[in-house]
Amino acid sequence: MPGSRTAQHYRRSVLPYYRRIGSRWGYAMLLGRTRHFGWYEPGQSPWDFAASMRRMEAMTARKLALPAGSRVLDAGCGVGDVARTVATEGGLHVTGLDGIASDVAIARRRTARASGHAARATRFVVGDYHALPFADGSFDGLYTMESFVHAADPRQALSEFFRVVRPGGRLVMFEYSRTPRAELAPRADSVLSDICELAAMPAMLPHGHLERLVSEAGFEVESVTDITARVLPMLRAFSLLGRVPYAVARSVGRGDLLVNAMSGVELYRHQETWRYNICTAARP
């Protein structure tokens, strides 16, 4: 990764967050190292995390709405589960990029063990989405799955997204937004600010700001859909699992050590502070 402010942000904030014991254990034990919310229809079990995540990943392919064989970039691919599902569901060729080399290594190993189209049509590289190592117009589409919130420079990242997506190509972003601070009670504002700081999410932007930045980057925004209700069952499950560990940590003044338990409990308690959105756009 380039020796820039964005690379420093990864080293000083994003990597430490994902290397925390709570992050490593939680993501490995509960989600198989994949790091995103699931999609729930009414009546579906909140505890079937794997199935819900595959449903959310399949929704990504549907929102991209690209012909089979199209080339797509996963900006912030993690361990590659999203890329493999998107490739399979859409018949797409997906390149996953992530700044965490150990995650890219896992993605490659998992793909080597996979079969069918996903094994042939996904590849993974280490890189910074603020400075993408691809030529202009390399991709027919690009998506983020809860990875853009880690952007140190949202405008620079979106400029790079615009550069590598061909004219007529598509952008789909599954991302959080936050309620403006002036509209929140002090306790809710403090909790959300702490979570954003501890989880290295400087680009959890106020409602409406992401689509404005996407438009300013040159894309034509098609829709922004609030799907918070679809992810709340998983968050409620996380809040139940994290309640006791978080309470114990808080009792000794170290609630910050269990940021994922903190997030589950506090974000479920303070649902007025945030939304989960799908933003779809196209490059003219």
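The present account deals with the structure reproduced in this document. (Residues numbered from 1 in each chain as written. Predicted model: local features only at pLDDT ≥ 70, side-chain atom pairs only at ≥ 80, totals over all residues. Heavy atoms only, no water.)

1. Remarks on the overall build of the protein chain
Argument step 1. Looking only at helices and strands, the protein chain features eleven helices and seven strands.
Argument step 2. The C-alpha atoms of the protein chain give 18 Å as radius of gyration, which agrees with the globular expectation for 284 residues (19 Å, within 12%).
Argument step 3. When each of the 284 residues of the protein chain is scored for burial, the buried share is 55%.
Argument step 4. Relative to all contacts within the protein chain whose residues are 6 or more apart in sequence, the contacts with residues 24 or more apart total 76%.
Argument step 5. When the accessible surface of the protein chain is split by element, carbon and sulfur atoms take 53% of a total near 12200 Å².
Argument step 6. Taking the average place of the 36 positive charges on the side chains of the protein chain and the average place of its 27 negative ones, the gap between the two points comes to 6 Å. (Helix = DSSP H or I, 4+ residues; strand = E, 2+ residues; numbered from the N terminus. Rg over C-alpha atoms; globule rule 2.2 N^0.38 Å. Buried < 20%, exposed > 50% of the residue type's maximum accessible area, 1.4 Å probe, protein only. Contact = heavy atoms within 4.5 Å. Areas by Shrake-Rupley, 256 points an atom, 1.4 Å probe, with all protein chains shown as cover. Lys, Arg positive; Asp, Glu negative; His and termini not counted. Charge placed at Lys NZ, Arg CZ, Asp CG, Glu CD.)

2. Here we look at the nonpolar core
Argument step 1. One finds Y143 and Y276 to be the most contacted residues of the largest nonpolar core, which totals 61 residues.
Argument step 2. Sequence-distant contacts of Y276, that is, excluding residues within four places in its chain, are made with F37, M56, M145, E146, F174, E175, Y176, T225, D226, I227, T228 and V231.
Argument step 3. Counting 26 residues, the second-largest nonpolar core is a separate cluster that includes L97, F134, F139 and M173. (Core = buried A, V, L, I, M, F, W, Y, C linked by side-chain atoms within 4.5 Å.)

3. Focus on the pairing of strand β7 (residues 274-282)
Argument step 1. Of all nine residues in β7, eight are buried, a share of seventy percent or more.
Argument step 2. Where strand β5 (residues 165-178) meets β7, nine bridges bridge the pair, whose relative direction is antiparallel. The partner of M173 across the bridge, within β7, is C279.
Argument step 3. By the bridge criterion, six bridges tie strand β6 (residues 220-226) to β7 in an arrangement that is antiparallel. Within β7, the residue paired with T225 across the bridge is I278. (Pairing = 2+ DSSP bridges.)

4. Focus: the sheet that holds β7
Argument step 1. Ordered in space as β3-β2-β1-β4-β5-β7-β6, the seven strands form an open sheet in which the pairing is mixed. Each edge of the open sheet is held by one strand with a lone partner, namely β3 (122-126) and β6. Ignoring which end each strand starts from, the neighbouring axes of this sheet average 20° apart.
Argument step 2. For strand β2 (residues 93-98) and β3, the ladder comprises five bridges, and the chain directions are parallel. Bridge pairing links T95 to R123 in β3. (Axes fitted to C-alpha atoms, helices over the stretch in contact; angles between N-to-C directions.)

5. A closer look at the pattern of salt bridges
Argument step 1. The full count for this structure, using the stated rule, is 18 salt bridges.
Argument step 2. R230 is the salt-bridge partner of E41, the closest N and O atoms lying 2.9 Å from each other. One end of the pair, E41, is in the loop between α2 (21-31) and α3 (49-64); the other, R230, is in helix α10 (residues 228-251), with 189 residues separating them in the sequence.
Argument step 3. Since its relative accessible area comes to 34%, E41 is described here as partly exposed. (Salt bridge = Lys/Arg side-chain N within 4 Å of Asp/Glu carboxyl O.)

Limitation: the analysis is restricted to geometry and does not speak to function.
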